[in-house]
Amino acid sequence: MRVDGKGLIDRTKPVRFRFDGKDYAGYKGDTLASALLANDVRLVGRSFKYHRPRGVLTAGSEEPNALVEVLGPSNQTPNVRATMQEVFEGLVAQSQNRLGSLRFDLLAVNDYVSPFLSAGFYYKTFMWPRAFWEGLYEPIIRRAAGLGSLSGKHDEGTYEKAFAFCDVLVIGSGPAGLMAALTAGRSGADVILAEESHVLGGRLLSDGGTVGGMAAGDWVAQVVAELLAMPNVRIMARTAVTGAYDHGTYGALERVGLHKPARPNLPRECFWRIVAKHAVLASGALERPVGFENNDRPGIMMASAVRTYLNRYGVSPGKRVTLFANTDQARGVARDLMAAGVSVAAIIDPRPDASAVEDCPVHVGAVVIGSRGRLGLSGIQVRKGSETIEIETDCLAMSGGWNPTIHLTCHMNGRPRWNEDLAAFVPMEGAVPGLVAVGAANGSMSTHGALVTGHAAALNAVEALGRKVSVPLPEAEDMPYRLKALWAVEGKGRAWLDFANDVTTKDVKLAAQEGFRSVEHMKRYTTQGMAPDQGKTSNVAALAVLADATGRGIAETGVTTFRPPYVPVSIAAMGAGGRGEGFAPQRFLTSDQASRDRGAPMIEAGLWYRPSYFPKPGETTWREACDREVNMVRQAVGVADVSTLGKIDIQGRDAGRFLDFVYTNTFSTLPVGRVRYGLMLREDGLVLDDGTSARLGENHYLMTTTTAAAGLVMRHMDFVHQAFCADWQVRFISVTESWAQFAVAGPKARALVNSFLEVPVELPFMGVAPVRIGGVDGRLFRISFSGEEGYELAVPTRYGEALFRDLVARAETMGGGPYGMEALNVLRIEKGFITHAEIHGRVTAHDIGLEKMVASRKDCIGKAAATRPGMWGPEREQLVGLRAAAPISAGAHLFVPGTEVHRETDQGYVTSVGWSPTLGAWLGLGFLKDGRARLGQKVRLVDHLRGLDVICEVCHPVFHDPEGEKLRA
Amino acid sequence: MRLTCPLCGDRDRREFYYYGAEDYLHRPAEGAPLADLDNYLHLRDNPAGVTKDLWYHEAGCSQWLLVTRNTVTHEISGVELVAGRKA
Amino acid sequence: MRYSGLKVITEGLFGNKGWTPAWRDPAPKAEYDVIIIGGGGHGLSTAYYLAKNHGITNIAVLEKGYLGSGNIGRNTTIVRANYFLPGNSEFYSHSMKLWEGLESDLNYNVMHSQRGLINLFHSDGQRDAFVRRGNAMINQGDDAILLDRDGVREHLPYLDFDNTRFPIYGGLLHPRGGSARHDAVAWGYARGADQRGVDLIQNCEVNGIDIENGVVRGVQTTRGAIRAKKVGIVVAGRSSQVAAMAGMRLPIESHVLQAFVTEGLKPVINHVISFGMGHFYISQSDKGGLVFGGDLDFYASYASRGNLPMVEHVMEAGMTLMPMIGRAKVLRSWGGIMDMSPDGSPVIDKTHVDGLFIDCGWNYGGFKAVPASGWCMAHLMATGEPHEVAAKFRLDRFATGHLLDEEGTGSQHNLH
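The text that follows walks through the structure, step by step, so that each part is easy to find. Computed from a predicted model, the values in this text were never measured in an experiment.

Calculation rules
Residues numbered from 1 in each chain as written. Chains lettered and ligands numbered in written order. Predicted model: local features only at pLDDT ≥ 70, side-chain atom pairs only at ≥ 80, totals over all residues. Heavy atoms only, no water. Axes fitted to C-alpha atoms, helices over the stretch in contact; angles between N-to-C directions. Helix = DSSP H or I, 4+ residues; strand = E, 2+ residues; numbered from the N terminus. Parallel < 35°, antiparallel > 145°, perpendicular 65-115°, else oblique. Contact = heavy atoms within 4.5 Å. Nonpolar A, V, L, I, M, F, W, Y, C, P; charged D, E, K, R; others polar. 1 Å grid on protein atoms, 1.4 Å probe; cavity = no way out; pocket = protein on both sides within 12 Å on 5 of 7 lines; lining within 4 Å. Points joined across faces, edges and corners; volume = space filled by probe spheres on them. Pairing = 2+ DSSP bridges. Core = buried A, V, L, I, M, F, W, Y, C linked by side-chain atoms within 4.5 Å. Buried < 20%, exposed > 50% of the residue type's maximum accessible area, 1.4 Å probe, protein only. Buried area = accessible area lost by both parts, 1.4 Å probe. Salt bridge = Lys/Arg side-chain N within 4 Å of Asp/Glu carboxyl O. Polar contact = N/O pair within 3.5 Å; in protein donor to acceptor, adjacent residues only side chain to side chain. Expected span 1.5 Å × (residues − 1).

Turning our eyes to something else, we now look at the packing of helix α3 (residues 89-100) of chain C against helix α10 (residues 366-383) of chain C. Residues and elements named next belong to chain C. The N-to-C vectors of α3 and α10 enclose an angle of 95°; their axes lie 8 Å apart at closest approach. Between α3 and α10, the interaxial angle falls into the category roughly perpendicular. Across the interface between the two elements, F91, Y92, H94, S95, L98 and W99 from α3 touch F367, K368, A369, V370, P371, A372, S373, W375 and C376 from α10. Residue classes in the contact of α3 with α10 are distributed as 11 nonpolar, 3 polar and 1 charged.

Rendered as structure tokens:
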């Protein structure tokens, strides 16, 4: 119910929203949880395993029960914490994990058979008969499990990622965080203050009191106003710091648009990477529940949450509230309620020496032992000595003390320290370099303690930054924190520890009974701490129960490890920018548009897009176009954009010597004006890449790499140079993107090329020369990847498109035209040229028949490793050609005809195939054991996946023009 | 994770390519026994603690860096240029 | 104690008071026939098969933490037999057969579920490489089906077929691929080994290996010296440190591999999906979480935690491939320490010390190998001869050049 005169909500701005099909009203500033409580809605969800009715337990992101689906105009979001979701006009949410309605969930039957669903029961059954696991048991389990639902539709929401840098990152804006931010801010340092909630102030907003002689809320407002006015301070509300990473990097999730109706271009969330020189962790503490029988009914809540709903949202979660708590601090909850006119039925305090003086009945030395109320709390049983007291109540505020919120300090494997006085774990100092925990996060539970430690941490950071500042400390309460640890009340029934995963004290004890005594075993066996809240409210109590069951202390029992993220982060936020084509850069040829204009389908080649083929009117399949283009190159002239090949410009006195070192063959002897094919090995002796290098001048080479290996080769050469011969006079740089380069191939290639040149050039095969093309300086190479007389014309990139269009137009007047990747592939197979389909990282120079290219008189990268016994010899598969009358396929395996087909009889495999219109046969390249000794033999090609079983002839890989007469014409 | 490149300063890890242990710098002379090659290419001390390894400032200055780094804490205590290192 | 549905019911009726410990908690004896260093998946399965297949039961498994505290408890639980190089092919095939009988063998429900694995491809070249792989799988006697784009759409209608950076050309379906409940595998083997008399000794860290005249004599531990006739090092993640105690330098570099799980969701993904272009793989656990991962962080590390660049890369890959998972929230990320070898394949071999054996180098493929690794390591330790399906996992293969490089990326540890 709403309480007059309380809360920070804006009562002038009513908001309508819908939950489970029913309309409700709330106010701006409400969360879904506070608004539902204001409307007396207590039942908001069903538990994971037993489908128990559940209500709101907390007022923060640690909420284990109140998880709902938020329905948007185009999609739905599962597992949203009602305690964090702000209401807005038109918000629609629904409960989840139920079969039927929330009130009558058919799966609640699980609760009645719970004795058979104890911890780990599924490891002991569902094994017989075997086929029933996948056919019956598992599908039922899968359907019953899970919480909220994804729609299955693409998430079309907008998400962002961003970087931020600061001197001091302050995490949390309670008294410690505000004091730290104020101190660092006044020093002039760059400060980021991140606060998970939508308002700053932390527990000062819930607990009230005075700071510096003024009401706590006023002090918060004053400090926030000052921080907002500082240009060096950035306040990030609705931002949860989710992880601590190396070297001062923090992940953070900002809820940018989740509190508003969706609209185009409004990001839902932004994932921040914050790099901070210093960080102050002022994340406060999380209150912990107490285990007792049926402690999970709607209406049983954390005491601090009750106070937050009252003071921040103007809501009392009950009309007749009971407090069950073991600290003096929690008494404030009852006092605030009574002051606001809410009836408090009783205070139950397990400490026998606690004060009994309050304006309501107080039972000291008493504990709650049970509750009743099917869909919401109606009463509790209290044990005081030998007496059992029944109390009518619709809301039980419970507190078992506090756990410092130390999660971020554990993200880099820091193990927290057990503090017996606090009965809680506190951070290990220095666990995250540069990060200091202050306030309640470090066990300083009073407001005074928070202010002092926040101030001190900021001063230290400021000093380390070389700055000076003096900020007076305001006065505040410094009440001692005194508690008697109470994890669970002894009793026979089920007492929940982990509300989210339905783990009770019985489960933890059963784990210990069955030998799962390590805290990690207990966690994994019972699933405690593995739910959406990651055990925020349950971990410490569970390990305390385990410690008790195994007769060890809590410190000895230890903790499981908190890992990022602190609060769950949507995949879309951390993956922002990855949607669709954003996943990887796109590289376009200068001829891209010209190719698309001709209807060429563009296909991905690494990051590049290249034309597959250039269809002509009347052609209905890619094969028709490909065959035509192959014939065109063989009979007239074809033009292809080959600019994707890597180009590395190498200069210096030792350039030739360097190439001799990275290539297996010799380049220092290459005459100026000539080009040579080179083979490059990795240091492990396997082929890295191949390509041509041209000598443009005495100390100037231009290397060409394959498209796929361009980056790899550049990195490799940088390493070889810097690691092994840094003193050599050689420098190189990638010029791949500086030049557009076009292959011109076919019997009419020379004529086409010459039509462009101001001075026609007579180049020998494997020659290179500077040329002038249309007034532009370019280069002409006589090289061929097709087996025809071939040239490559290179011009600066900005002239690429014009040259391509002109080349194609002139080629067409000669019976030629452009050709695409398909034809290029057939042409190179006919000629037996290899690509990375063949040099796939497992082949040696010997395997591809190029062992003679490894010069004997010099060292080169990979030469030594290639001599290892396993790297050569007849047991290895060698490159061969394959020829067949029927279609064959790449990926097929090779066998001796007449033998059985299985792994042990496998003789090799096929890497590339194509229909050769030139030879009228199917041609392939592949690797065959001792293949070069088997030329002329038949092999059986089997492709189970495509249903092919074909006899092929083993051939020399060069099918077309084996003597190279056309090349040299 | 961040690295301080001697040429470019404090930079994000995303700019760097990682190769492996310093051993890759110790290339055996031509004709050395295959055992040396094994040590160079394959066998590693692989310490849980301080190590030296090779990073390449690929999206920066193209320099290979020899980084002194703790494999347990990820603390970086030194970065030098491979090309400028003292042998 | 034998587990069954009936047992669960009878125990449930009597307050679950009768369940006994899944394994004993023995103190180490002074001497054993065999010591297995490492109580992870591979170590426990080695002990189990030594006892079951070879009748050797005087065994201690020494674990420095708790049983199953290494990578068996922090992986993405994928089980597959889709390798193509001879040497790997038969090994993983054997492992798959063991998986298929594991529940009844162990009397423990490890929830092995063959819901099918689909490897997507995005170019003609990738398709051909996967066809080569699929044919090798069939040649080995396993299963593979080539799916075209429409075939993939039938299985995985929720992928982005229209707008992704690398369009889906098709996929290789491995129907027997799937997943299992990782912890249960460790616990099932532990319980099985314990029942056969193996001493599982937790919180017992080995800090020395005793060798006399080239023969192993036992180990030094935090719980005292223990003698043994044979010692097996099965400590992937810490292999280099333990092997160094025997004077060995291994072909291994340790790297961190992160993985992720989301909050529980109602079933949306049935298969295991692998997206090679993005180094991304995903499945949904029986509990409802999406379990997924990507590539290594790429720098040598023992930190068992990672950094954001790879986290974000994995998420971006998920978003380009299947944007329907965008609103699923990542609940937890973790990192495992991988023994990365220079060819991506493991080692199960003798060492230069008589009686000392090593099982290591699982890169990031160790989970599915657990049954066969234990089977073959047990065979080697019991007979002194390598098992035929693991005969190529030799320690000296890098020196001799007999590599098993499925990725083809060469002698750089972190590229496999």
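Now that the structure has been shown, we can carry on.
All names here are of chain A. One pass over the structure, following the stated rule, counts 13 cavities of 30 Å³ or more. Approximately 140 Å³ is the volume attributed to the largest cavity. Taken together, 15 residues form the lining of the largest cavity, with N403, P404, I406, V540 and F562 sitting closest to its centre. Contributing elements (two or more residues each) for the lining of the largest cavity: β25 (402-404) and α12 (539-550). Across the lining of the largest cavity, the residue classes break down as 8 nonpolar, 6 polar and 1 charged.

For the rest of this paragraph, the subject is the sheet that holds strand β49 (residues 921-929) of chain A. An order of β46-β49-β48-β47-β50-β51 (chain A) is seen for the 6 strands of this closed barrel, with the pairing classed as antiparallel. Recorded for the sheet is a direction-independent mean angle of 45° between the axes of neighbouring strands. Across the sheet, helix α21 (residues 821-831) of chain A touches β48 (908-916) and β49 of chain A, and the angle it forms with β48 of chain A is around 115°. Contacts between helix α5 (residues 124-139) of chain C and the sheet are confined to β47 (893-895), β48 and β50 (938-943) of chain A, with β47 of chain A contributing the most and set at about 45° to the helix.

Further remarks concern the nonpolar core. Judged by nonpolar contacts, the single largest core of 171 residues is most densely connected at F324 of chain A together with F91 and Y108 of chain C. Residues L253, V569 and I571 of chain A together with V268 of chain C belong to the second largest nonpolar core, which totals 47 residues.

Let us look at the pairing of strand β6 (residues 76-81) of chain B. Both faces of the sheet carry side chains from a regular strand, because those side chains alternate between them. Residues and elements named next belong to chain B. Direction of pairing for strand β5 (residues 64-70) relative to β6: antiparallel, over a ladder of 5 bridges. Along β6, the bridge assignment pairs L66 with E80. Hairpin connection of β5 to β6: 5 residues between the antiparallel strands, including H74 at a positive phi of 70°.

Let us now look at the interface of chain A and chain B. Taken together, the contact between chain A and chain B spans 30 residues of the former and 28 residues of the latter. Summed over both partners, the interface of chain A with chain B comes to about 2300 Å²; 54% of that surface belongs to carbon and sulfur atoms. In this structure, the connection of chain A to chain B is made through 4 salt bridges. When the shortest N-O distance is used, the salt bridge between D859 of chain A and R27 of chain B registers 2.8 Å. Where chain A touches chain B, the interface holds 15 residue pairs in polar contact (both at pLDDT 80 or more). The element contributing the most residues to the side of chain A that touches chain B is helix α18 (residues 710-724) of chain A, with 8 residues.

Residues and elements named next belong to chain A. Over its 15 residues, α18 extends 21 Å from the first C-alpha to the last, a length consistent with the 21 Å expected when each residue adds 1.5 Å. Along α18, 12 of the 15 residues are buried, which leaves the element largely enclosed by surrounding structure. Within α18 the residues assigned to the buried category are A710, V713, M714, R715, H716, M717, D718, F719, V720, H721, Q722 and A723.

Purely spatial values, then, with no claim about function.
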